[in-house]
Structure formats: structure tokens, C-alpha cells
Amino acid sequence: ASAIIPPPPRHRPPSRRRPPASAAEGAASAGAVEGKVAEDCTEEVPQWALDGEPVWLEALRQFLKRPGLIILDVGTRHTKFSVRIQSTTGLDEVRLGRTQLSSWGRKRLEEALTAGEKPPPLAVVADTGSEAADATDVLKAVGLQAVANLRTRAFLERILRTRQSTCSE
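Residues numbered from 1 in each chain as written. Predicted model: local features only at pLDDT ≥ 70, side-chain atom pairs only at ≥ 80, totals over all residues. Heavy atoms only, no water.

(A) The arrangement of helix α3 (residues 101-114) in detail. Compared with the 20 Å implied by 1.5 Å per residue over 14 residues, the 20 Å span of α3 between its first and last C-alpha is a close match. Of the residues making up α3, those classed as buried are Leu-101, Trp-104, Gly-105, Arg-108, Leu-109 and Ala-112. Each buried residue of α3 sits inside an arc of 135 degrees when the element is viewed along its axis, so together they form one side. In α3, the exposed positions angled more than 90 degrees off the buried face are occupied by Glu-110, Leu-113 and Thr-114. Buried-residue contacts for α3 involve β1 (70-75), β3 (92-97), β4 (122-126) and α4 (129-142). Of the residues flanking the end of α3, it is Gly-116, one or two places downstream, whose phi is positive at about 75 degrees. (Helix = DSSP H or I, 4+ residues; strand = E, 2+ residues; numbered from the N terminus. Expected span 1.5 Å × (residues − 1). Buried < 20%, exposed > 50% of the residue type's maximum accessible area, 1.4 Å probe, protein only. Arc of directions from axis to C-beta. Contact = heavy atoms within 4.5 Å.)

Below, the structure is given as C-alpha cells:
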């Protein structure tokens with residue numbers, strides 16, 4: 001008896017993987033699947049996910065237009081203290097190591113509350129998407145609410161390019 005497999009959602013391309021014919025083939029392909037997952041994690045969002053002006057893309061563009069937005073570049077290769085720089089994107093940018101993330105976030109929250117303001121919105125980028133997700137979780141746990149995971153610098157620049165090409169049309 002064959003199992004009925006529902007079609008993939010429209011936002012995903014059809015799977016090209018065949019089910020294993022035997023248990024031995026299934027065990028052998030498990031390593032290949034793990035390798036494929038690791039490859040997928042390093043790649044950015046595929047082009048088909050940006051086609052047709054998806055709602056999430058417009059929400060991300062609106063977030064990037066917020067006043068006072070800070071791009072927070074988190075990584076292990078950065079200095080041991082926060083460095084505020086003018087980035088190539090034209091937005092305020094702060095670079096810091098992961099070990100300083102929690103204390104930096106608490107300090108921003110305390111400064112904003114003391115001044116009677118809301119903390120600035122933060123767009124987090126890192127070396128990998130999973131590092132950016134971890135950093136986003138740390139900042140939200142500290143109490144910061146306007147935090148967006150922009151995965152990597154390449155993804156941020158891609159979003160900014162699509163925003164510019166859409167605005168110029």
C-alpha cells in the first residue's frame with residue numbers, strides 16, 4: 001500500500017527527493033539529507049520566495065523605514081566593545097561581539113526608559129542566519145521588543161536593493 005503524500009504548499013518548490021526503497025537505502029541517505037540541510041542553512045532566501053511582492057517582504061521594508069533604526073551586526077570576529085559606524089547601507093550600525101549582546105541590550109533599554117522614550121528598533125545581522133536568530137532571542141529576552149532578524153549582511157543588502165528597485169519603477 002502506498003501512502004498518499006499531499007502536494008507541497010505553494011510557497012515551496014516541489015521536493016525532488018524520492019522515498020527510500022529499503023531501510024538500508026534510507027539509512028545511507030540520512031547522511032546525505034543532513035549534508036543538504038547544512039547546505040540550505042548557509043544559503044540565503046531563494047529568489048522564488050521574493051517573487052510576487054510577499055507580505056513579509058513589505059513588512060520588512062516598513063520596519064527598515066522606522067526612525068532611529070540601528071543595524072546590529074553581531075559576531076565572534078568583532079571587537080570586545082561596541083563600535084558605532086556609518087555603514088554602506090546608509091543606516092546607523094553597531095558592531096559587537098556575542099558576549100556583549102545582553103549587556104548592550106539592557107543598557108539600550110535602560111537609557112530609553114530613563115529618557116521616557118521607546119528603545120530604538122534593531123535589525124540584527126550576523127555571520128549566519130542561526131547566529132542572528134540567537135542574537136534576536138537574547139535581545140528580546142532582555143526586554144527589547146522592536147527587534148527584527150535580518151539573517152546576514154547579504155540578505156539585508158538584497159532587501160535594500162529590492163526596495164530601491166521597487167521605488168525607482
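(B) Representation of unusual backbone geometry in the model. Residue Arg-151 is not a glycine yet carries a positive backbone phi of 60 degrees. By the secondary structure assignment, Arg-151 is in strand β5 (residues 147-152). Here Arg-151 falls in the partly exposed class, since its relative accessible area comes to 25%.

(C) Fine view of α4. For α4, with 14 residues, the first-to-last C-alpha span of 20 Å sits near the 20 Å given by 1.5 Å per residue. Taken as a whole, α4 has its buried residues at Gly-129, Glu-131, Ala-132, Ala-135, Thr-136, Leu-139 and Val-142. End-on, the buried residues of α4 take up no more than an arc of 155 degrees, which puts them together on one face. Away from its buried face by more than 90 degrees, α4 exposes Asp-137 and Ala-141.

(D) Geometry of the pattern of salt bridges. Here the structure, examined in full by the defined rule, presents seven salt bridges. Residue Arg-98 pairs with Glu-131 through a salt bridge whose shortest N-O separation is 3.8 Å. Pair noted here: Arg-98 is in the loop between β3 and α3 and Glu-131 is in helix α4, with a separation of 33 residues, a long-range link. Under the relative-accessibility criterion, Arg-98 is labelled partly exposed at 44%. By relative accessible area, which is 18% here, Glu-131 ends up buried. (Salt bridge = Lys/Arg side-chain N within 4 Å of Asp/Glu carboxyl O.)

(E) Representation of the confidence of the model for the chain in the model. On average, the chain scores 76 in pLDDT, and the residues at 70 or more come to 63%. Overall, residues 27-42 carries pLDDT values under 50, and its contacts beyond four positions in sequence, including any with other chains, amount to two contacts. (pLDDT = per-residue confidence, 0-100.)

(F) Looking closely at the pairing of β1. The element β1 is extensively covered by neighbouring structure, given that six of its six residues are classed as buried. Looking at chain direction, β1 and β3 are connected through six bridges and run parallel. Along β3, the bridge assignment pairs Leu-72 with Val-94. Two strands pair when backbone bridges link them, and β1 and β4 are joined in this way by five bridges, in the parallel orientation. The residue bridging Ile-71 from the neighbouring strand is Ala-123, located in β4. (Pairing = 2+ DSSP bridges.)

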